[in-house]
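# Architecture and fold: a report
Spelled out, the chains give:
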Amino acid sequence: MKIVLLFMICVSLLACSESPMLKKLNTTQPILAFGDSLTFGYGASPNQSYPAVLSELSGLTVVNEGINGELSKEGLKRLAGLLDQHQPQMLLLCHGANDMLQKRSLEKMQSNLEAMITLANERDITVLLIAVPNTNLLLTPLKQYQQVADKMSVPVDNELMSDILRQPALHSDIIHPNALGYQKMAEGIYQNLITLGAL
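Residues numbered from 1 in each chain as written. Predicted model: local features only at pLDDT ≥ 70, side-chain atom pairs only at ≥ 80, totals over all residues. Heavy atoms only, no water.

## Re the sheet that holds strand 3 (residues 90–94)
Going by this rule: For two strands to be treated as a pair, DSSP must find at least two bridges joining them. Secondary structure follows DSSP: runs of H or I at least 4 residues long count as helices, runs of E at least 2 residues long count as strands, and numbering of each begins at the N terminus. Whether two residues touch is decided by their heavy atoms; if any such pair falls within 4.5 Å, the residues are in contact. An axis is simply a line fitted to the C-alpha atoms; with a helix, the fit covers only the stretch in contact. Between two such axes, the angle follows the N-to-C directions and lies from 0 to 180 degrees.
Read across the sheet, 5 strands follow the order 2-1-3-4-5 without closing on themselves; strand pairing throughout is parallel. With partners counted over all chains shown, the strands left at the sheet margins are strand 2 (62–66) and strand 5 (156–157), one partner each. Note that strand 1 (residues 31–35) and strand 2 share 5 bridges and pair parallel. Across the sheet, A33 pairs through a bridge with N64, a residue of strand 2. Sheet strands touched by helix 9 (residues 179–195): strand 3, strand 4 (126–130) and strand 5. Its angle to strand 4, the strand with the most contacts, is close to 135 degrees.

Okay, here's the thing in structure tokens:
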């Protein structure tokens, strides 16, 4: 298990090795974890979601604003209000899985993600983008996430969710992690934050 964790961390670090660096996080403003069921923590208890575990690892407040089944267009509609409400210093953006699963336009999903990042940029909030994998056998990351990251100049982790969902012991069903999977997700994001200079 330790070898698997080390491998996941190394892959995650490599995925972000050429990414833009992040601003150092302070201890007074929260981090906003925003997305769908992967952020909500479907398949585990609330205290086992990745935002909850990341809060424990980092010692920072991580607000969980994930909604099960949400499409990216719906997320875009609610994000501005949440950014103004919580005034976070960082946005952890993991969205778009339901667009893919429901066969919605991935070009529109990409546009919605770019608009979400623009909302954060307008408020001087840094962003870490977390890609979700395709539903193919290899669970390869959707190319749209790298395209968004390149266009918007934000770091992206393309491999973390793919690595977790490739391991049956780490998911509760075919598309959701279990408690251990969310633990690995939080650990991978935590290591990314360290590597990118946020922690």
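Following the structure, the description resumes.
## Observations concerning the packing of helix 6 (residues 106–122) against helix 7 (residues 143–152)
The line we're drawing: Handedness of a helix crossing follows the sense of rotation of the near helix relative to the far helix, less than a right angle counterclockwise being left-handed and clockwise being right-handed. When residue character is reported, Ala, Val, Leu, Ile, Met, Phe, Trp, Tyr, Cys and Pro are called nonpolar, Asp, Glu, Lys and Arg charged, and the others, Gly included, polar.
The interhelical angle for the contact between helix 6 and helix 7, taken along N-to-C directions, is 35 degrees, at an axis separation of 10 Å. In the crossing of helix 6 with helix 7, the sense of the turn from one axis to the other is right-handed. Across the interface between the two elements, L106, M109, Q110, L113, E114, I117, T118 and N121 of helix 6 pack against Q144, Y145, Q147, V148, K151 and M152 of helix 7. When its residues are assigned to classes, the contact of helix 6 with helix 7 shows 7 nonpolar, 5 polar and 2 charged.

## Remarks on the pairing of strand 3
For a regular strand, side chains alternate in direction, first toward one face of the sheet and then toward the other. Spelled out, the test is: Note on classification: 1.4 Å probe, protein chains only; a residue is buried when its accessible area is under 20% of the maximum for its type, exposed when over 50%, partly exposed between these limits.
Along strand 3, 5 of the 5 residues are buried, which leaves the element largely enclosed by surrounding structure. Summarising the sheet, strand 1 and strand 3 pair through 5 bridges and their orientation is parallel. Bridge pairing links F34 to L93 in strand 3.

## Points about helix 6
What counts is decided by this rule: What a helix is expected to span follows from its residue count: subtract one and scale by 1.5 Å.
Across its 17 residues, helix 6 extends 24 Å between first and last C-alpha, which sits within 8% of the 24 Å expected from 1.5 Å per residue. Summarising the contacts, the buried residues of helix 6 are in contact with strand 1, helix 4 (72–86), strand 3, helix 5 (97–101), strand 4 and helix 7.

## A few points about the pattern of salt bridges
Going by this rule: The working definition used for a salt bridge is a side-chain nitrogen of Lys or Arg within 4 Å of a carboxyl oxygen of Asp or Glu.
By the definition in use, this model includes 7 salt bridges. One salt bridge connects K23 with D124, and the closest N-O pair in it is separated by 3.3 Å. One end of the pair, K23, is in the loop between helix 1 (2–15) and strand 1; the other, D124, is in the loop between helix 6 and strand 4, with 101 residues separating them in the sequence. On the basis of relative accessibility, which here comes to 57%, the residue D124 falls in the exposed class. A salt bridge links R123 to E122; the shortest N-O distance between them is 3.9 Å. On the basis of relative accessible area, R123 is assigned to the partly exposed category, the value being 29%. Here E122 falls in the exposed class, since its relative accessible area comes to 57%. Sharing partners across several salt bridges, the network here consists of E65, E70 and R78.

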